[in-house]
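Given next are the chains, with one letter for each unit.
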Amino acid sequence: MKCDSNRIRRILVRGVNWVGDTIMTYPTLEVLKKLFPQTHISILIQDHLMELWKTFPFVDEIISFKRNRGLGSLFSDLNLASSLRKRKFDLAIIFPRSFHSAFQIFLAGIPIRVGYQNGGRFILLTHRISRGVEIYRIPRIRYYMKLIEPFGNIEKIPSPHIFLRDEDRRWAYETLKDSGLLDGRPIIGLNPGATYGLAKCWYPDRFAELGRRISNKWNATLLIFGKKEEKGIANEIIKILGQKGLDFTGKTTLLQLAALLERCNLLITNDTGTMHVAAAVGTSVIALFGSTDPLTTGPWGEGHLVLKKNLSCSPCLKRICPEDHSCMKLITVDEVEEAVEKKLRDLLRY
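Residues numbered from 1 in each chain as written. Predicted model: local features only at pLDDT ≥ 70, side-chain atom pairs only at ≥ 80, totals over all residues. Heavy atoms only, no water.

**Considering the overall build of the protein**
To keep things clear, this is the line we draw: Put simply, DSSP marks the helices as runs of H or I at least four residues long and the strands as runs of E at least two long, and each gets a number from the N terminus on. Based on C-alpha atoms, the radius of gyration is set beside the globule rule, defined as 2.2 Å times the residue count to the power 0.38. Think of it in three bands: residues with accessible area under 20% of the maximum for their type are buried, residues over 50% are exposed, and the middle band is partly exposed, with areas taken using a 1.4 Å probe on protein chains only. It only takes one pair of heavy atoms within 4.5 Å for two residues to be counted as in contact. Residue burial considers only the protein chains on display, and all accessible areas are found by Shrake-Rupley using a 1.4 Å probe. Positive residues here are Lys and Arg, negative ones are Asp and Glu, while His and the chain termini are left out of the count. A charge is said to be at NZ when it belongs to Lys, at CZ for Arg, at CG for Asp and at CD for Glu.
Within the protein one finds 13 helices and 12 strands. The C-alpha atoms of the protein give 21 Å as radius of gyration, which agrees with the globular expectation for 350 residues (20 Å, within 12%). Dimensions of the protein, computed from C-alpha atoms along their principal axes, come out at roughly 60 × 45 × 45 Å. Across the 350 residues in the protein, those meeting the buried criterion constitute 52%. Here the analysis covers contacts within the protein between residues at least 6 apart in sequence; of these, 64% occur between residues at least 24 apart. Carbon and sulfur atoms make up 50% of the accessible area of the protein, which totals about 16300 Å². In the protein, which carries 51 positive and 36 negative side-chain charges, the distance between the mean positions of the two groups comes to 6 Å.

**Looking at the environment of Thr253**
Heads up, the condition is: Any pair of nitrogen or oxygen atoms within 3.5 Å is treated as a polar contact; in protein, a donor-acceptor pairing is required on top of that, and neighbouring residues in sequence qualify only through side-chain atoms on both sides.
Among the secondary structure elements, Thr253 is positioned in the loop between β9 (245-247) and α9 (254-263). Using a relative accessible area of 32% as the deciding quantity, one classes Thr253 as partly exposed. On a C-alpha basis, the gap between Thr253 and Asp168 in space is 9.5 Å, while along the polypeptide they are 85 residues apart. At 3.3 Å, the side chain of Thr253 forms a polar contact with the side chain of Glu51.

**Some points on the packing of helix α7 (residues 204-218) against helix α13 (residues 333-348)**
Using the following cut-off: Helix axes use the C-alpha atoms of the stretch in contact, all axes being lines fitted to C-alpha atoms, and the angles between their N-to-C directions lie in the range 0 to 180 degrees. An angle below 35 degrees is treated as roughly parallel, one above 145 as roughly antiparallel, one from 65 to 115 as roughly perpendicular, and anything else as oblique. Note on convention: near helix rotated counterclockwise from far helix by under a right angle means a left-handed crossing. Clockwise means right-handed. Three residue categories are used. Nonpolar comprises Ala, Val, Leu, Ile, Met, Phe, Trp, Tyr, Cys and Pro, charged comprises Asp, Glu, Lys and Arg, and polar comprises the others, including Gly.
Running from N to C, α7 and α13 point in directions that differ by 40 degrees, and their axes come no closer than 10 Å. Relative to α13, the element α7 lies oblique. At the point where α7 passes α13, the crossing takes the right-handed sense. Side by side, α7 and α13 meet where Arg206, Glu209, Leu210, Arg213, Ile214, Lys217 and Trp218 of the first sit next to Val333, Asp334, Val336, Glu337, Val340, Glu341, Leu344, Arg345 and Leu348 of the second. For the contact of α7 with α13, a count of residues per class yields eight nonpolar, no polar and eight charged.

**Digging into the nonpolar core**
The condition that has to hold: The criterion is simple. A nonpolar core is a set of buried Ala, Val, Leu, Ile, Met, Phe, Trp, Tyr and Cys residues joined through side-chain atoms within 4.5 Å.
Ile11, Leu29, Leu32, Ile93, Ile162 and Phe225 are the most contacted members of the largest nonpolar core, which totals 63 residues. When residues in this core are grouped by element, the largest group, seven residues, is from α9. With near-sequence residues (within four places) excluded, Leu29 lies in contact with Val13, Ile41, Trp53, Phe56, Phe58, Val59 and Phe95. Core analysis: the next-biggest nonpolar cluster, separate from the first, contains 28 residues, Ala208, Ile214, Ile233 and Cys327 among them.

**Focus: the pairing of strand β10 (residues 266-270)**
How we decide: Strand pairing is assigned whenever DSSP detects at least two bridges linking the two strands.
For β10, the tally of buried residues reaches five of five residues, placing the bulk of the element in the interior. Of the two faces of β10, both are covered, the one formed by Leu266, Ile268 and Asn270 as well as the one formed by Leu267 and Thr269. In this sheet, β10 lies alongside strand β7 (residues 187-191) in parallel orientation, the contact comprising four bridges. The residue of β10 that forms the bridge with Leu190 is Ile268.

**Some words on the sheet that holds β7**
One open sheet holds the six strands; their spatial order is β9-β8-β7-β10-β11-β12, and the pairing between them is parallel. The sheet is open, and its two edges are formed by β9 and β12 (305-308), each paired on a single side. If you compare each strand with its neighbour and ignore which way they point, the axes differ by 20 degrees on average. Inspection of the sheet shows strand β11 (residues 285-289) paired to β12 by four bridges, in the parallel sense. Bridge assignment links Ala287 to a residue of β12, and that residue is Val306. Its contacts with the sheet put α13 on β7, β10, β11 and β12, and the angle it makes with β10 is roughly 150 degrees.

**Some points on the packing of α7 against helix α8 (residues 231-241)**
Two quantities define a packed helix pair, namely the angle between the helix axes and the distance between the axes. Relative to each other, α7 and α8 sit at 35 degrees, their axes nearing to 9 Å. Seen from above, α7 lies across α8 with right-handed handedness. Residues Pro204, Phe207, Ala208, Gly211 and Arg212 of α7 touch α8, and the partners they reach there are Ile233, Glu236, Ile237, Ile240 and Leu241. Of the residues contributing to the contact of α7 with α8, the split by class is seven nonpolar, one polar and two charged.

**With respect to the side chain of Asp21**
On the secondary structure map, Asp21 appears in helix α1 (residues 19-35). A relative accessible area of 19% places Asp21 in the buried class. Side chain to side chain, Asp21 and Tyr144 meet in a polar contact 2.6 Å long. Sequence-distant contacts of Asp21, defined by excluding residues within four places in its chain, comprise Val16, Arg140 and Tyr144.

**Focus on unusual backbone geometry**
Across the junction of Ser314 and Pro315, the peptide omega takes the value 5 degrees, indicating a cis bond. As for its placement among the helices and strands, Pro315 is situated in the loop between β12 and α12 (326-329). Located in the positive-phi region is Asn219, a residue other than glycine, with phi close to 55 degrees. Within the secondary structure, Asn219 sits in the loop between α7 and β8 (221-224).

Take a look at the structure:
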């Protein structure tokens, strides 16, 4: 499918619904803008993700919506479709593979609608990208990039990058300064939760023991990150770390989170959105993988380390482990501590 960029005046991109996936779509939007430099590009996303697009320079407009349930969802979609029709988009690219995302764009009457072929979406799309078994094994960044391959030659995939504002960096600086943490000691991030289920999570007591060892050996301060729903996990860790840990769970915006992560020497994390935020601000990551596949959703770029056990049941991609959670149980504190020490020696030139 070839398109004359001069005839495509307005493009709508239906964004994904998760923090990590959002960041993994950044390279596709950047390349799309290069392929259609004179085109107005709008991103359509759920309202809780607006923060991640505010500073992104390769989109011209953010259109947000609130996802409702039941009959309210239909009314919302009809109202959204009416608003989108008035904007007269020429082309829509649909990142999610859900029926609902394609249905929203179909209702808007956009003449060219591109997305992955998936079940009942067949009649909703004008151009369907095949999704064979092999595509599930490629990095998610390449997965999204394939949706725009028909529009031109992609010579190089850029790395995801979060464009922080001066105000976000000032907030992070003042926050850490007020806590006495800008005295040269290492700052290590811990992200012990994960949005998509407990199967992705290493254990809070192991995060806490790891943090205790790091603090004692490296005189480091541990910053704990997570959503407000993960406050209980953070509390378990803080009980053990005490004054050696600082809890930011549920206390930051997404750009404030990114600014704090930029200040960290290292992030130790499960497979979750915060992992991708850290990588996108240039912070090294040690990622613990169990039920998910680092080949597809691992941190992008150099300088990161993934710890994973090669088990016959992993990756299972399940929210709750149906067996004994060996994929995470077998990752020991000693093993992660060794990885942290190697990373810190490299990063701090010890």
